[in-house]
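Structural overview
Chain residues, written in single-letter form:
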Amino acid sequence: MKLMWFHLMPYTELPDDFNKKHPSVWVDIHSSLFDPRRAHHMYNDFMDELEYAAECGFDAVCVNEHHSNGYGLMPSPNLIASSLARRTTDTALCVMGNSLALYNPPTRVAEEFAMIDCISGGRLIAGFPVGSPMDTCYAYGQNPSLLRDRYYEAHDLVKRAWTEKDTFAFSGRFNQQRYVNIWPRPIQNDPHPPIWIPGGGSIETWRWCAEMDYVYCYLSYYGYKAGLTTMQGFWKEMEKLGKDRNPYRAGFLQFVGVAESRQQALDLYSEPAEYFYGRCLHVDPRFALPPGYTTEGTQRAGIEGMMSKAANIANPATKAALKATNMKDIVDGGYVLIGSPDEVIEQIRHVGTSLNVGHLMLLLQYGNMSKDTTKYNTRLFAEKVMPHVRDLFSDWEDKWWPKPMAKGQRAAVPAFGPQTVAAE
Amino acid sequence: MSDPATTTVEVNGFSCRVWTKGSGPKLGFLAGFGGLPRWVPFLDELARKRTLIVPSLPGYPGGGLGHTVLDTHIDWVLAVRQIVEKAGLAGADLLGASVGGAFAAEMAAIFPGHVRKLALISPFGLFDEADPAADPWAQRRDAVAGIMCADPARWEALVAPPEGANSVEWPIEMTRASEAAARAFWPLGSTRLEKRLGLIEAPTLILWGDRDAVLPPGYAQKFARGINGTTRVQAIAGAGHLAYLDQPEAVARAVLEHLS
């Protein structure tokens, strides 16, 4: 099993009365809450944490894209990924990802991802989300009725830009480019960097991932219990389509808090978890469902009750309003796994096998968790948990993992240290 | 009262419902936000004096999935033109409300021979940063009725599933109507119509609900100032954005007076 370390980069100093005084953490969150000088420290802490996770031996570090969002300070995850490309050596860089329809032209994504792949020596995982309604339709003003068609067209364009050898003209419904010819080109060119698709629980997305042979990732904040129905639906659909049960076809997000004991874990992680599920998911429901964002097929399936309501990540805000915000319910609901290393090992093995997920994306920093606590959680997980869960799925080949240049061929990145300027 | 005759016209391979009722000179009506999932009393008021022809626009109830092939504003304008022609409305009087009002104005501006007299009820099409319209697509579920009508029960009655309606398809159709509006007017409700208002030569009546919670009443004056033909602005008391649902008689009376 692959263990991947994911950062959302939440603003850690939302006030205690945030939910009372402010309607939403997303889209119209007030600028007065943002202190750039504090954000300087947050960004640097977060990047330290990502680098620390790489040092601790996680298989990948993951970043993602959000806009106008108090729990996601990465409008451009590519900026963080490029820094990580220089400050890590063997860890995969999972950009989860770039919302394709937001880039004009979408070849910008092909270029920037190719840059990251070149700088990192071929360690990129290219995530292509449609993007949440709040990010795409509200913060970025994209038309919800055209978003998916734009997304699919942008995907086709990016993929062709990576794989075609000669300059070509692209005449799409939404994009026209006379000369598509990106420089640089990705190192991973057989045929292109691995493409992973974070999505909700729609059957259309599952089928598309199967058809394209992409990894499907269910990035819910509500943990393995709520995710079970979705992942069961995914595997049932794979079976129907004649695909094998290779667990590396799938990715799943899980919050974890490990400590010496369950009680110590509760002591350490209750505050940051309650901060996240309370303040960070305080999204005004008026931004949840722009018409046309959810396909009619998915609406139909939802209304007919073919799918679990929990499967619909397209509706996180409505869900958040109904979900637990105190630690007992957060833990009982399985949103956050906590315990001693042995207890966490048991739970992680259960998550992996019950969901049949080979790529486990771990949130070991959440809410206002401090750098010290985050490093403690990360180190303990790496030392005490990771060695006892890695063996899962060792019979299967991960065909969707980056294929970097051989170590000996890669550039040596000099150790970083502040320069002292010699006196003239 | 008798039911309207229902026919269909085809545009881009999708069929759109056309209701016809009454006698006298033809009058076309392009409905507002939400479309017409059912016949409403306002239509009877108009059909007493005129041959009322009510085509559904693509994506609105009765308009199927025709919106899915309309990607740009010119796609929409040409689809509406074909509907107007195929419904036998070329050269007739045209009334449009809300989202339908923006298209009625486009017809009068771009195809002036198609519209004899024009009447608009709180039309979409403009946006003023200094006097912003509300966002009809970012409302809590329980707030929608209150921004569409002065009396929220009027909106609720418009969209409530009729007896025997398919409980799966009905809510999808209601969402589709909102999507069709979004497809043409996202995110601000503007199609930069101000650039074309000067082409409108038809005598134009501009009605505005005095309790319109979507489009500020100041927009009525922007239309009046922009349109080249003679214009008259009239407020409808006790009416919200969809004034024809709140005050069907008063709106019909004003429209029929203007056309006579």
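Residues numbered from 1 in each chain as written. Chains lettered and ligands numbered in written order. Predicted model: local features only at pLDDT ≥ 70, side-chain atom pairs only at ≥ 80, totals over all residues.

Assigned secondary structure in chain B consists of nine helices and eight strands. A globule of 260 residues ought to have a C-alpha radius of gyration of about 18 Å, and chain B, at 16 Å, matches this closely. Counting across all 260 residues of chain B, residues that qualify as buried make up 52%. Put simply, of all contacts in chain B between residues at least 6 apart along the chain, 75% involve residues at least 24 apart. (Helix = DSSP H or I, 4+ residues; strand = E, 2+ residues; numbered from the N terminus. Rg over C-alpha atoms; globule rule 2.2 N^0.38 Å. Buried ≥ 20, exposed ≤ 12 C-beta atoms within 10 Å, placed from the backbone. Contact = placed C-beta atoms within 7 Å.)

Moving on, we get to the overall build of chain A. Counting its secondary structure elements, chain A contains 14 helices and eleven strands. Scaling as 2.2 N^0.38, a compact globule of 424 residues should have a C-alpha radius of gyration of about 22 Å, and chain A matches this with 21 Å. Considered along the principal axes of its C-alpha atoms, chain A spans approximately 75 × 60 × 50 Å. Counting across all 424 residues of chain A, residues that qualify as buried make up 54%. Sequence separation of at least 24 residues holds for 80% of the intrachain contacts in chain A that already meet a minimum separation of 6.

Counting residues in hydrophobic clusters, the biggest one holds 214 residues, and the most contacted among them are M4, V61 and L93 of chain A. Dropping the residues within four chain positions of it, V61 of chain A is found in contact with W5, L50, A53, A54, L84, T88, T91, L93 and C94 of chain A. (Core = buried A, V, L, I, M, F, W, Y, C linked by C-beta atoms within 7 Å.)

What follows covers helix α9 (residues 248-259) of chain B. Residue and element names in this part refer to chain B. The end-to-end C-alpha separation of α9 is 16 Å, in line with the 16 Å expected for twelve residues at 1.5 Å each. Three or more residues of α9 are buried, namely V251, A252, A254, V255 and L259. Taken down its axis, α9 places every buried residue within 165° of arc, on the same side. Away from its buried face, by an angle of more than 90 degrees, α9 presents the exposed residues E249 and E257. (Expected span 1.5 Å × (residues − 1). Arc of directions from axis to C-beta.)

All names here are of chain B. Taken together, the eight strands give an open sheet; going across it, the order is β1-β2-β4-β3-β5-β6-β7-β8, and neighbouring strands pair in mixed fashion. The open sheet terminates on both sides in strands that have one partner only, identified here as β1 (5-11) and β8 (231-236). Between one strand axis and the next, the sheet turns by 20° as a mean value, whatever way the strands run. Bridging between strand β2 (residues 14-21) and strand β4 (residues 51-55) involves four bridges; their strand directions are antiparallel. In the strand pairing of β4, T20 is matched with I53. (Pairing = 2+ DSSP bridges. Axes fitted to C-alpha atoms, helices over the stretch in contact; angles between N-to-C directions.)

This paragraph deals with the interface of chain B and chain A. Taken together, the contact pairs 15 residues of chain B with 18 residues of chain A. Across the side of chain B that touches chain A, the residue classes tally to eight nonpolar, three polar and four charged. (Nonpolar A, V, L, I, M, F, W, Y, C, P; charged D, E, K, R; others polar.)

Right, let's get into the confidence of the model for chain B. Considering every residue of chain B, the mean pLDDT works out to 97; 100% of them sit at 70 or more. The ipTM, which scores confidence in the relative placement of chains, is 0.96 for this predicted complex, and the corresponding pTM is 0.95. (pLDDT = per-residue confidence, 0-100.)

Time to look at the packing of helix α2 (residues 73-86) of chain B against helix α3 (residues 98-110) of chain B. Residue and element names in this part refer to chain B. Interhelical geometry of α2 versus α3 gives an angle of 85° and a closest axis separation of 10 Å. Between α2 and α3, the crossing angle belongs to the class labelled roughly perpendicular. Within the contact between the two elements, α2 uses V77, V80, R81 and V84 and α3 uses F103, E106, M107 and I110. When the residues that make up the contact of α2 with α3 are grouped by side-chain class, the tally is six nonpolar, no polar and two charged. (Parallel < 35°, antiparallel > 145°, perpendicular 65-115°, else oblique.)

Turning next to the pairing of strand β7 (residues 204-209) of chain B. All names here are of chain B. Across the six residues that make up β7, a large majority, six, are buried. Here β7 shows a buried face lined by T204, I206 and W208 and a second buried face lined by L205, L207 and G209. Bridging between β7 and β8 involves six bridges; their strand directions are parallel. From the neighbouring strand, T204 faces β8, where its bridge partner is T231.

All names here are of chain A. Along the polypeptide, K236 turns up in helix α8 (residues 223-240). According to the C-beta neighbour criterion, K236 is exposed, with 12 such atoms within 10 Å. Spatially, the C-alpha atoms of K236 and T89 are 38 Å apart, while their sequence positions differ by 147 residues.

Moving on, we come to the pairing of strand β3 (residues 26-30) of chain B. Residues and elements named next belong to chain B. Burial within β3 is extensive, with four of its five residues counted as buried. Assessed by its sense of winding, the connection that carries the chain from β3 through helix α1 (residues 41-47) to β4 is right-handed. Bridge count between β3 and strand β5 (residues 92-97): four bridges; the pairing is parallel. When the bridges of β5 are listed, L30 appears paired with G96. (Right-handed = clockwise from strand over helix to strand, strands pointing away.)

Attention now moves to the environment of R262 of chain A. Residue and element names in this part refer to chain A. Residue placement: R262 occurs in helix α9 (residues 262-280). On the basis of neighbour count, R262 is assigned to the partly exposed category, with 16 C-beta atoms found within 10 Å. If we skip the residues at most four places from it in the chain, R262 touches I338, G339, S340 and E343.

Residue and element names in this part refer to chain A. In contact at an axis separation of 10 Å, helix α2 (residues 36-55) and helix α14 (residues 371-385) are set at 15° when each is read in the N-to-C sense. On the basis of the axis angle, α2 is roughly parallel to α14. You can see that α2 and α14 cross each other, and the crossing is right-handed. Taking contact as the criterion, the partners of D45, D48, E49, Y52 and A53 in α2 are, on α14, K371, T374, K375 and T378. Classifying every residue of the contact of α2 with α14 gives two nonpolar, two polar and five charged. (Left-handed = near helix turned anticlockwise from the far one by under 90°.)

Of the consecutive residues M96 of chain A and G97 of chain A, the connecting peptide bond is found in the cis state with omega at 5°. Residue position: G97 of chain A is located in the loop between β3 (92-95) and α4 (107-120). Positive phi outside glycine occurs at S98 of chain B, with the angle close to 55°. You can see S98 of chain B is positioned in helix α3. Assessed through the 30 C-beta atoms surrounding it within 10 Å, S98 of chain B is described here as buried. Here S122 of chain B, not a glycine, exhibits a phi torsion of approximately 40°, which is positive.

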